[in-house]
Structures are given as C-alpha cells and as structure tokens.
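The primary structure of each chain is shown beneath.
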Amino acid sequence: MSEMSPRLRAELEGIPTYKPGRPAAVGGPDAYKLSSNENPYPPLPGVLESVTAAASSFNRYPDMACTGLVNELSERFGVPLSHLSTGTGSVGVAQQLIQATSGPGDEVVYAWRSFEAYPIITRISGATPVEVPLTPGDVHDLDAMAEAITDRTRLVFVCNPNNPTGTVVRRTELERFLDRVPGDVLVVLDEAYREFIRDLEVPDGVELYRQRPNVCVLRTFSKAYGLAGLRVGFAIAHEPVAAALRKTAVPFGVSQLAQEAAIASLRAEDELLGRVGSLVCERTRVVEGLRAQGWTVPETHANFVWLRLGERTADFSAACEEHGVVVRPFLGEGVRVTIGESEANDVFLKVSEVFR
Ligand code: PMP
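Fair warning: this is a prediction, and the values are worked out from it, not measured in the lab.

The rules behind these values
Residues numbered from 1 in each chain as written. Predicted model: local features only at pLDDT ≥ 70, side-chain atom pairs only at ≥ 80, totals over all residues. Heavy atoms only, no water. Helix = DSSP H or I, 4+ residues; strand = E, 2+ residues; numbered from the N terminus. Rg over C-alpha atoms; globule rule 2.2 N^0.38 Å. Buried < 20%, exposed > 50% of the residue type's maximum accessible area, 1.4 Å probe, protein only. Lys, Arg positive; Asp, Glu negative; His and termini not counted. Charge placed at Lys NZ, Arg CZ, Asp CG, Glu CD. Salt bridge = Lys/Arg side-chain N within 4 Å of Asp/Glu carboxyl O. Core = buried A, V, L, I, M, F, W, Y, C linked by side-chain atoms within 4.5 Å. Pairing = 2+ DSSP bridges. Right-handed = clockwise from strand over helix to strand, strands pointing away. Axes fitted to C-alpha atoms, helices over the stretch in contact; angles between N-to-C directions. Contact = heavy atoms within 4.5 Å. UniProt positions renumbered as here; feature names shortened; annotations may be inferred. Polar contact = N/O pair within 3.5 Å; in protein donor to acceptor, adjacent residues only side chain to side chain. pLDDT = per-residue confidence, 0-100. Parallel < 35°, antiparallel > 145°, perpendicular 65-115°, else oblique. Left-handed = near helix turned anticlockwise from the far one by under 90°.

(A) A look at the overall build of the protein chain. If you tally the helices and strands in the protein chain, you get 13 helices and twelve strands. Taken against the 2.2 N^0.38 rule, which gives 21 Å for 356 residues, the C-alpha radius of gyration of the protein chain at 21 Å falls within 12% of a compact globule. When its C-alpha atoms are laid out on the principal axes, the protein chain stretches across 60 × 55 × 50 Å. Out of the 356 residues belonging to the protein chain, those deemed buried represent 53%. Of the side-chain charges in the protein chain, 35 are positive and 46 negative, and the distance between the mean point of each set is 2 Å.

Set out below in structure tokens:
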C-alpha cells in the first residue's frame, strides 16, 4: 500500500479539535460533575414520556424541517416560521453560521477568553479567528471589538453571558456597539445561558434581532431545559440568514427524540424555569460563600462561576477531583465550576475553603 500524501496528512492533522470533556469518573465513581455547565436535575417525567413515545419509531428518519418544534418556537417567541432554524445543539448552529458566511480570507471576531468552540469552528471553515481580549474585569471589550472589525469581517460573536466568566454586556453598551457594526457583518448573540440572567439591564437578544436585520440569536435546550444529551439548539434570524442555515444543516441532524423532548420542555417551561430559579439561588449561595472565604469572583449571570487562579489552576482542579468534584480547568488561567445540586455545591465550597 502506498503512503498517504504528506499534504493530505498535514491537512487532516491540522483540523482543530475539542479538548475531551471531563467525565465525573475522573473524580471517582460517585463524583459530582461540575465541568460542563449541565443541568443537575433529571428529566421531567412528561419529557421522558415524550422521548419514550418517539423511540418506538426510530426506524424512521426524523422530520427534517422540525415542523412541530419550529411551530412551538414561532409561537413562544412571536417570530415568523421562516426566521427559525434548528440544529444539533447551538454549537451545531454556530458552525453552520460560519460555514454559511465565512471562508478563507474572511475574519470572525469574538472576545477571548470565551466559548472554546469559536476558534475551532472558525478554523474548520478556513476563516481567520480574531480574538479580542476581555477587559481585566473579564467583560467583553466592545470598543476594542468594534475596532477589530475590518472589510474582511463577516461575523462577530457576542457571548452573553460569557462562557467561562459568566459576565454580561448590558443594553446601552451593546446597542452602542451594534450601531458601530457595518450592516454587512452578522452579529451572533450567543445566549446559551439566557434563562439564568436576573439583571434587567441585560437585553433580550430577541428584542435586538427584531430591530436589526444583521443580528441573529442563538439559543439552546441544553442548559435551562436540561436536554444537553439530546442535542438541540436553534437560531432566530432574519430571512436570508435563517434560510442559509436551513441549507447548511446536516440533513436529519435533530433526532425525533430531541424534537419531541424540546416540544415537551417548552410546554413544561414553568416547571423547568422554576428549577432554574432554584439554581440561581444556589448560585448566590456559592458566590457569597466564595467571597466570604476571600475569593474574588466576577458577578456571574450563568449557571457557573469563574475563579481566576493563574498558575494554581491545575492544583485547584486536582484538589477538587480528590474530593469528588470535577471542575473545568483552563490551564494557567482559572477554573469554571458549574452550579450543581446543593450537595455538590457544598462539597465544592469545602474544597475552596481548604484550598484558599
Ligand atoms: N454557546 C455557549 C456559550 C456554550 O457555553 C455552549 C455549551 N457549552 C454552547 C453554545 C453549545 O451548547 P449546545 O451545543 O449544547 O447547545
């Protein structure tokens, strides 16, 4: 057999990769997994029932257009059907957005540190990532981001709240930024953690989308709605963008199980948002606990907290694992810790106290 050509090999090996997730097992058999910003509550019985019912027909392909789900979303958000597009998690939709808009020679602007998928999906499309450092307070530097936009910029991500810092941009500054963005640049408001926000000054991206044709909103069922394992997210965008998303979608990418679970979750929204309320209370308890221990914790608006630990990051993460809590280290920078069930948060607070 002849050797693979060096060029093909280099191209394949050059594809960027995600870091493997940190499973709970690295912290022992009973460890709490606080490393992926998941919802600690188990599925609601009604949601499980809808999935079980759909399972009896998984010899069939799913509804490619996600008709039932798109109808529900259209009603829920008061947007036309043609402005909605679903995908395999919001990361799948984000990848489609870049594919649809950007290629070699084009630039994608986002804050850094932010969601780790942005550089990967940008490079997969052959586009160039332009990373704009967060301010020392770990907030998007929207002035610097506006200045980073060039003729080559096709797309800008604003992650609100930002992963992994939990910080937000507020209405006035976001609107001022949007005023500075040329109309041919698409601004993607990634609102994966929207339901955890309690600050009224943080704008709802859907309102901004209604006012501006170049704004698109990304949402997910993975966090507040607790469906991370089923992979379903969606975008709300004006016609040409949403239409391009439908064209770039992996055919049948959202399983019927995921579609039914998402519909059932929207119908059980009150109960699910009640759970979010409990997690927000836990978040306050964890942040106050950490601050009382002497930690500096940025104000978080999501279901996780960010501790800037610098060189102590690996040691802190290892100490958590030793005590049965798995967190997400960003080596040399800090750790992101998901707000979990109260027992998990208690264990984490004990470790943070000892480590301090
Ligand atoms: N956006 C942000 C900011 C995230 O943190 C995540 C998940 N970690 C996603 C999008 C993607 O979530 P999903 O693909 O599960 O919808």
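(B) Geometry of the pattern of salt bridges. In the structure shown here, the tally under the stated rule is 19 salt bridges. Across the pair E13 and R9 runs a salt bridge, and its minimum N-O distance is 3.6 Å. Taken as a pair, E13 and R9 lie in helix α1 (residues 6-13) at a separation of four residues, close to a single helical turn. The shortest N-O distance in the salt bridge between R180 and E147 comes to 3.9 Å. One end of the pair, R180, is in helix α7 (residues 171-180); the other, E147, is in helix α6 (residues 142-148), with 33 residues separating them in the sequence.

(C) Quick peek at the nonpolar core. Of all hydrophobic cores here, the largest spans 82 residues; its most connected members are F177, F221 and F348. Ranked by size, the runner-up nonpolar core spans 21 residues in total, among them L97, I121, C216 and V241.

(D) View of the pairing of strand β5 (residues 153-159). Across the seven residues that make up β5, a large majority, six, are buried. Pairing of strand β3 (residues 107-112) with β5, which is carried by three bridges, proceeds in the parallel orientation. The partner of V108 across the bridge, within β5, is L155. Two strands pair when backbone bridges link them, and β5 and strand β6 (residues 186-190) are joined in this way by five bridges, in the parallel orientation. Bridge assignment links F157 to a residue of β6, and that residue is V188. Crossover β5 to β6 through α7 is right-handed.

(E) Quick look at the sheet that holds strand β9 (residues 304-308). With respect to topology, three strands assemble into an open sheet ordered β9-β12-β11, the strand pairing being antiparallel. Each end of this open sheet is capped by a strand with a single partner; those strands are β9 and β11 (328-330). For this sheet, the mean angle separating the axes of adjacent strands, direction not counted, is 20°. Here helix α12 (residues 313-322) sits on the sheet in contact with β9, β11 and β12 (334-338), set at roughly 30° to β12.

(F) Fine view of the UniProt feature "domain: Aminotransferase class I/classII large" (unreviewed entry) in the protein chain. Here the UniProt-annotated "domain: Aminotransferase class I/classII large" (unreviewed entry) positions come out as residues 32-349. Between the first and last C-alpha atoms of residues 32-349 the distance is 13 Å; the span itself is 41% helix and 17% strand.

(G) Geometry of the side chain of R113. Inspection of the secondary structure puts R113 in the loop between β3 and α5 (117-124). You can call R113 buried: its relative accessible area is 14%. Only 2.8 Å separates the side chain of R113 from the side chain of E333, close enough to count as a polar contact. R113 has contacts with L134, N162, N163, P164, F330 and E333, leaving out every residue within four places of it along the chain.

(H) The confidence of the model for the protein chain, seen in detail. Across the protein chain, pLDDT averages 96, with 100% of residues at or above 70. Both scores are given for the predicted complex: the pTM is 0.97, the ipTM 0.99.

(I) Structural context of the packing of helix α2 (residues 45-55) against helix α10 (residues 256-267). Put simply, α2 and α10 touch, their axes get as near as 8 Å, and they point 150° apart. Viewed along their axes, α2 and α10 adopt a mutual orientation that is roughly antiparallel. Between α2 and α10 lies a crossing of right-handed hand. Every residue of α10 that contacts α2 at G46, V47, S50, V51, A54 and A55 is listed here: Q256, L257, E260, A261, A264 and S265.

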